[in-house]
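What follows is the residue order along each chain.
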Amino acid sequence: MSALRLGYAGCGFMAQNVHLPNLTALPECEVAALAEVRPDLGRKVQAKFGIPSFHEDHMGLARDDSLDVLAVSSGFTTQGEIAIDFLRTGRPVFMEKPMALSLRQADRILEAAQTPGARLMVGYMKRHDAGNQLALERLREFRRSGELGDVMYVRAHGFCGDWICGMDVGRMETSNLPLPAEAREGPDWLPADHRPHYVNFLQQYCHNLNFMRYLLDAGDDAEVVAVDLDSTSHQGVSVFRIGGVRCMLETGRLDHHRWDDHTQVYFRQGWVHTWAPPLLNENLPAEVEIYRGGPRHSYERPLPRDRWSWAYRREMQAFLDCVRTGEPFLASGEDAWTDIRLMEEIYRMHLG
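Not measured: the values here are computed from a predicted model. (Residues numbered from 1 in each chain as written. Predicted model: local features only at pLDDT ≥ 70, side-chain atom pairs only at ≥ 80, totals over all residues. Heavy atoms only, no water.)

Novice: Hey, could you run me through the overall build of the protein chain in this one?
Specialist: When helices and strands are tallied, the protein chain shows nine helices and 14 strands. Expected size for 352 residues packed as a compact globule is a radius of gyration near 20 Å; at 20 Å, the protein chain falls within 12% of this value. Over its C-alpha atoms, taken along the principal directions, the protein chain stretches across nearly 65 × 50 × 40 Å. Going through the 352 residues of the protein chain one by one, you find that 55% of them count as buried. By sequence separation, contacts in the protein chain at least 24 residues apart represent 72% of the contacts at least 6 residues apart. Of the accessible surface of the protein chain, which amounts to about 15100 Å², a share of 49% is contributed by carbon and sulfur atoms. Between the centroid of the 38 positive side chains of the protein chain and the centroid of its 49 negative side chains there is a distance of 3 Å. (Helix = DSSP H or I, 4+ residues; strand = E, 2+ residues; numbered from the N terminus. Rg over C-alpha atoms; globule rule 2.2 N^0.38 Å. Buried < 20%, exposed > 50% of the residue type's maximum accessible area, 1.4 Å probe, protein only. Contact = heavy atoms within 4.5 Å. Areas by Shrake-Rupley, 256 points an atom, 1.4 Å probe, with all protein chains shown as cover. Lys, Arg positive; Asp, Glu negative; His and termini not counted. Charge placed at Lys NZ, Arg CZ, Asp CG, Glu CD.)

Novice: Teacher, can you tell me more about the environment of Met 349 here?
Specialist: Relative to the helices and strands, Met 349 is located in helix α9 (residues 333-351). You can call Met 349 partly exposed: its relative accessible area is 38%. Considered as a pair, Met 349 and Val 227 are 122 residues apart in the sequence and their alpha carbons are 6.4 Å apart. Other than its neighbours up to four places away in sequence, Met 349 contacts Val 224, Val 225, Ala 226 and Val 227.

Novice: Just checking my understanding: could you explain the sheet that holds strand β11 (residues 259-267) for this structure?
Specialist: To summarise the sheet geometry, strands pair through backbone hydrogen bonds and adopt either a parallel or an antiparallel arrangement. Strand order across the open sheet formed by eight strands is β8-β9-β10-β7-β11-β12-β13-β14, with mixed pairing between neighbours. Each having just a single partner strand, β8 (222-229) and β14 (298-300) make up the two edges of the open sheet. If you compare each strand with its neighbour and ignore which way they point, the axes differ by 15° on average. Sheet analysis places strand β13 (residues 287-292) next to β14, joined by three bridges and oriented antiparallel. Counted as the bridge partner of Arg 292 is Ser 298 from β14. Where helix α6 (residues 130-145) meets the sheet, it contacts β7 (151-161), β11, β12 (270-275), β13 and β14, and its direction lies at approximately 20° from that of β13. (Pairing = 2+ DSSP bridges. Axes fitted to C-alpha atoms, helices over the stretch in contact; angles between N-to-C directions.)

Novice: Quick question: what am I supposed to make of the packing of aromatic side chains here?
Specialist: Two descriptors summarise a pair of aromatic rings, namely the distance from one centre to the other and the angle between the planes of the rings. Tallying each qualifying case throughout the model produces 14 aromatic pairs. Cluster of aromatic residues (ring-pair linked, three or more members): Tyr 153, Tyr 266, Trp 271, Tyr 291 and Tyr 299. The ring centre of Phe 329 lies 4.2 Å from the NZ or CZ of Arg 119, which sits over that ring. The ring of Phe 211 has Lys 126 lying over it, and the distance from NZ or CZ to the ring centre is 5.7 Å. (Phe/Tyr/Trp six-rings, centres within 6.5 Å; stacked < 30°, edge-to-face > 60°. Lys NZ or Arg CZ within 6 Å of the ring centre and 35° of its normal.)

Novice: How should the layout of surface pockets be read in this particular structure?
Specialist: Taking a probe equal in size to a water molecule and rolling it over the atoms shows the remaining empty space. There is about 1100 Å³ of room inside the largest pocket. Together, 48 residues line the largest pocket, and Met 14, Ser 73, Ser 74, Gly 75 and Phe 76 are the ones closest to its centre. Among the secondary structure elements, those contributing two or more residues to the lining of the largest pocket are α1 (13-25), α4 (78-87), β7, α7 (195-215) and β11. At four residues, the largest contribution of residues to the lining of the largest pocket is made by α1. The residue makeup of the lining of the largest pocket, split by class, is 21 nonpolar, 17 polar and 10 charged. (1 Å grid on protein atoms, 1.4 Å probe; cavity = no way out; pocket = protein on both sides within 12 Å on 5 of 7 lines; lining within 4 Å. Points joined across faces, edges and corners; volume = space filled by probe spheres on them. Nonpolar A, V, L, I, M, F, W, Y, C, P; charged D, E, K, R; others polar.)

Novice: Please clarify how the nonpolar core should be interpreted in this entry.
Specialist: A general tendency of soluble globular proteins is for nonpolar side chains to be buried together. Within the largest apolar cluster, 84 residues are counted, with the highest numbers of intra-cluster contacts made by Phe 86, Met 99, Met 212, Phe 240, Ile 242, Met 343 and Ile 346. When neighbours within four sequence positions are excluded, Met 343 is seen to be in contact with Tyr 198, Phe 201, Leu 202, Tyr 205, Cys 206 and Leu 209. Counting 26 residues, the second-largest nonpolar core is a separate cluster that includes Leu 4, Leu 41, Phe 49 and Val 323. (Core = buried A, V, L, I, M, F, W, Y, C linked by side-chain atoms within 4.5 Å.)

Novice: Got a minute to help me understand the pairing of strand β4 (residues 69-72) in this structure?
Specialist: Working note: regular strand, side chains alternate between the two faces of the sheet. Here β4 shows no split at all, with Val 69 and Ala 71 on one side and Leu 70 and Val 72 on the other all buried. Here strand β1 (residues 4-9) pairs with β4 via four bridges, running parallel. Each bridged residue has a counterpart across the sheet, and for Ala 9 the counterpart in β4 is Val 72. Two strands pair when backbone bridges link them, and β4 and strand β5 (residues 92-96) are joined in this way by three bridges, in the parallel orientation. Bridge pairing in β5 links Val 72 to Met 95.

Dropping the structure here:
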């Protein structure tokens, strides 16, 4: 089958270091057009990746009927508005997380996704990590068999650290032109002085929250029970009930040489534990540990079949595969909407 012709909007950090290198390396994809509001940067990135066509506005991609699919990574407010314009053209769209900065914006995105032919995938790469997918398979097996008893608790810990881990980001092309000012999108009820804290918390921890829902196959069955964040509105704990299971999200910052991010699902007689690799450490999936208690105690460290793989590349491969087959995306716009709802609930509770 011929490669899918893709138009990409944005030439920032994620575009240059993650998505464009992966997309241009996949034989199923032809990155046929690029858009960037800073033309000096856009032209350099176009030449670097050998992209045939360039536009100084994302609407140039939207008007190009030769493109099969569209993708965007941009400022947190801007990318949602670009996704709306792309979805209205009736084509599949990939966008980076977070899906939106408010439920109001998320609702507008989902409304645009109702355009015939349109579909939205959100960049929750944890769901595409080979180690995490292995952990999900084992969790489902244990829940079906009852071997370890009931799921009683989930703990997600995210204290961040060094997520770049030596990647040569100095190779990035740069621009002398400033980015246009972004609209100050956010929940209507959120005080203006809390917006930077909210955006920072949302963009980082929507990943962890989404991943807990994924491991529990919970969908929209999730609510916030309690929140205890410090004065920075960042470090602390948030308690949820997800799929009927009590879940804890621990958030904070740590000067760590790797990436301090792991998730543990506790059964009555054991657990499944995953450790996230540093995000830009290519070809390293999550580590998985399975502990069995009861009469005999044992630890297992299973490896996924795709032992040397990068979640970001698997994510883009999955996007292209689902576009071709019509299979549902692992991280759809409808599913990602739940994370925006929960994040607003966290901050409402935090601010009283």
